[in-house]
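# Observations on chain architecture
The lines below spell out each chain.
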Amino acid sequence: MNNFLYKNPTKIIFGKNQIASLAKELPNNAKILMLYGGGSIKSNGIYDQVKKGLADYEVVEFGGIPANPEYAILMEALEIIKKEKITFLLAVGGGSVIDGTKFLSAAASYAGEPWSLLTDRKPVLAGLPFGTVLTLPATGSEMNSGSVITRAETKEKLAMGGPGLFPVFSILDPEVVRSIPQRQLANGIADAFTHVLEQYMTYPIGALLQDRFAESILQTLIDVAPAILKDPSDYQAASNFMWSCTMALNGLIQQGVPSDWAVHAMGHELTAMYGIDHARTLAIIAPSHYRYNLESKKEKLAQFAERIWNITEGSVEERAAAGIEKMVAFFQSLGIDTTLAAYTDSYGGTAQAIAKRFTLRGWTGLGERGALSPADIEKIVEMSY
Ligand code: NZQ
Ligand code: ZN
């Protein structure tokens, strides 16, 4: 196992009716900017619950943060934060609203051009404090310090983060799941599943507990997927779904082990270029990524096949390959297509364009061994057509 240093300061308030405890978590005399998305919170009752908790506070609202939070829109919110002298941010939404809020937390006291927070990739050490009310289990953003921001003008989607960008608290009420559309439920399951894979599907390092943690999250997602898709108001299924998504990317399973994240790097480009939902880009890229890197990942792929899918027959290579096919079938069982051609007709040249972008950014060694060159990336993306 590798050395590690782990600190996660986010307070989690989990369970039914917990949005009512919001007021207890907010700092006295805070001037709050409440941020939300396209309006789902107004029709499912979450907006009213949050407003009740904010009754004794001075609150400014900023709605309209779109999926894949857009830089130009966030810049409007930044103006408000400065003009209104906001002291606390409250994100009410899924990964997009929470990520947008993290960016604003960092940008509020940043002297330079805010976009350079994303291009410089310097860890953010401090920001405006913020809390979240999660409305969509998927990204784990509610308990991590990462953020992914999109800029339509340049068709870019880049990540930032740092120890200063953990939420102070996050309220996780699984009852919010009941109003989530099928497409987003499937996305949430696939995104969390792939987060585990990025931190697990590397090479063995003798981290027995981390492997079992990772496998238990994968197994739980597989177990609850049919129930959640059939009936999102199934509280038992929703609570397991929600906690699995949080645990998949709150840093715990990443400690002491190598991690990959190349699937996400390629996937983000597909969203930037074609607007494909984040989780679906992962389901497009992951199969070819694992097929292309089968040799260097075969031990963990075979372990995944054996422990998750009960594949015990055949050589390591055969079990590894069978594990990949099971993963593809799982994505498809969620109703998610796993080839780029299923999402766009104009996919020609995508692989070359992504390889070129990575070269320009100096991303010349991706993956857990830092061994994937832009030429490798080009082949993987091409295999995903
Ligand atoms: O905008 P509204 O109207 O609220 O509708 C949203 C949105 O259209 C809807 N929704 C959310 N909660 C709902 C609901 N609809 C009904 N009932 C509810 N309770 O769902 C749609 C998608 O929301 P979004 O926040 O975009 O989804 P998600 O949570 O999947 O976030 C995706 C974003 O997170 C980034 C992705 O790249 C993408 O930009 N990621 C962030 C990560 C992180 N910070 O750690 C890691 C991930 O790998 C990912 O990259
Ligand atoms: Zn993701």
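For the structure, check the block above.
Presented here is a report on the structure given in the accompanying data block. Nothing here was measured: the structure is a model prediction, and the numbers come from that model.

Another point: unusual backbone geometry. Unlike most non-glycine residues, Lys85 shows phi in positive territory, near 55 degrees. With phi around 55 degrees, Arg121 is a residue other than glycine that occupies positive phi space. With respect to the helices and strands, the residue Arg121 is situated in the loop between helix H6 (116-120) and strand S5 (130-134). Here Arg121 falls in the exposed class, since its relative accessible area comes to 53%.

The buried fraction of strand S6 (residues 146-151) amounts to five of the six residues, a majority that puts the element mostly inside the structure. Of the pairings in the sheet, the one linking S6 to strand S7 (residues 156-161) comprises six bridges and is antiparallel in character. Paired with Thr150 across the two strands is Lys157, which belongs to S7. Linkage of S6 to S7, two consecutive antiparallel strands, is achieved through a turn of four residues, within which Lys155 is found at a positive phi near 50 degrees.

Protein ligation of the zinc ion (ligand 2) involves Asp191 (OD), His195 (NE2), His264 (NE2) and His278 (NE2), the donor distances falling in the range 2.0 to 2.1 Å. Spacing between the donor residues of the zinc ion (ligand 2) along their common chain follows D-x3-H-x68-H-x13-H. Linking His195 in helix H7 (residues 182-200) with His264 in helix H10 (residues 262-274), this pair joins segments that are 69 residues apart in sequence. Residue His264 is classed as buried on the basis of its relative accessible area, which comes to 7%.

Attention now moves to the site of ligand 1. Near ligand 1 you find 32 residues, and of these Gly38, Ser40, Gly95, Ser96 and Lys157 are the closest. Contacts to ligand 1 include Gly39, whose backbone N or O atom sits 3.1 Å from an oxygen atom. His278 has a polar side-chain atom sitting 3.0 Å from an oxygen atom of ligand 1. In isolation ligand 1 has 960 Å² of accessible area, and contact with the protein removes 87% of it.

So, on to helix H11 (residues 278-292). Relative to the 21 Å expected for 15 residues at 1.5 Å per residue, H11 spans 21 Å between its end C-alpha atoms, a close match to the ideal helical length. Along its length, H11 shows its largest kink, about 30 degrees, at Ile285, and proline Pro287 lies within four residues downstream of that point. With 13 of its 15 residues buried, H11 lies for the most part within the structure.

A word on helix H12 (residues 294-309). Spanning 16 residues, H12 covers only 17 Å between terminal C-alpha atoms, well under the ideal 22 Å at 1.5 Å per step. Of all the bends in H12, the largest measures some 40 degrees and sits at Lys300. Within H12 the residues assigned to the buried category are Leu294, Lys297, Lys298, Lys300, Leu301, Ala302, Gln303, Phe304, Ala305, Ile308 and Trp309. Its buried side turned inward, H12 meets H7, helix H8 (208-230), H11 and helix H13 (316-333).

Contact geometry for H11 and H13: axes closest at 10 Å, N-to-C directions at 175 degrees. Classified by the angle between their axes, H11 and H13 sit roughly antiparallel to one another. On H13, the residues touching Ala283, Ala286, Pro287, Tyr290 and Arg291 of H11 are Ile324, Glu325, Met327, Val328 and Phe331. Considered class by class, the residues forming the contact of H11 with H13 number eight nonpolar, no polar and two charged.

What counts, and at which threshold
Residues numbered from 1 in each chain as written. Chains lettered and ligands numbered in written order. Predicted model: local features only at pLDDT ≥ 70, side-chain atom pairs only at ≥ 80, totals over all residues. Heavy atoms only, no water. Helix = DSSP H or I, 4+ residues; strand = E, 2+ residues; numbered from the N terminus. Buried < 20%, exposed > 50% of the residue type's maximum accessible area, 1.4 Å probe, protein only. Pairing = 2+ DSSP bridges. Donors = N, O, S within 2.8 Å, 3.2 Å for Na, K, Ca; no water. Near = heavy atom within 4 Å. Polar contact = N/O pair within 3.5 Å; in protein donor to acceptor, adjacent residues only side chain to side chain. Areas by Shrake-Rupley, 256 points an atom, 1.4 Å probe, with all protein chains shown as cover. Expected span 1.5 Å × (residues − 1). Bend = angle between axes of the 7 residues up to and from the residue. Contact = heavy atoms within 4.5 Å. Axes fitted to C-alpha atoms, helices over the stretch in contact; angles between N-to-C directions. Parallel < 35°, antiparallel > 145°, perpendicular 65-115°, else oblique. Nonpolar A, V, L, I, M, F, W, Y, C, P; charged D, E, K, R; others polar.

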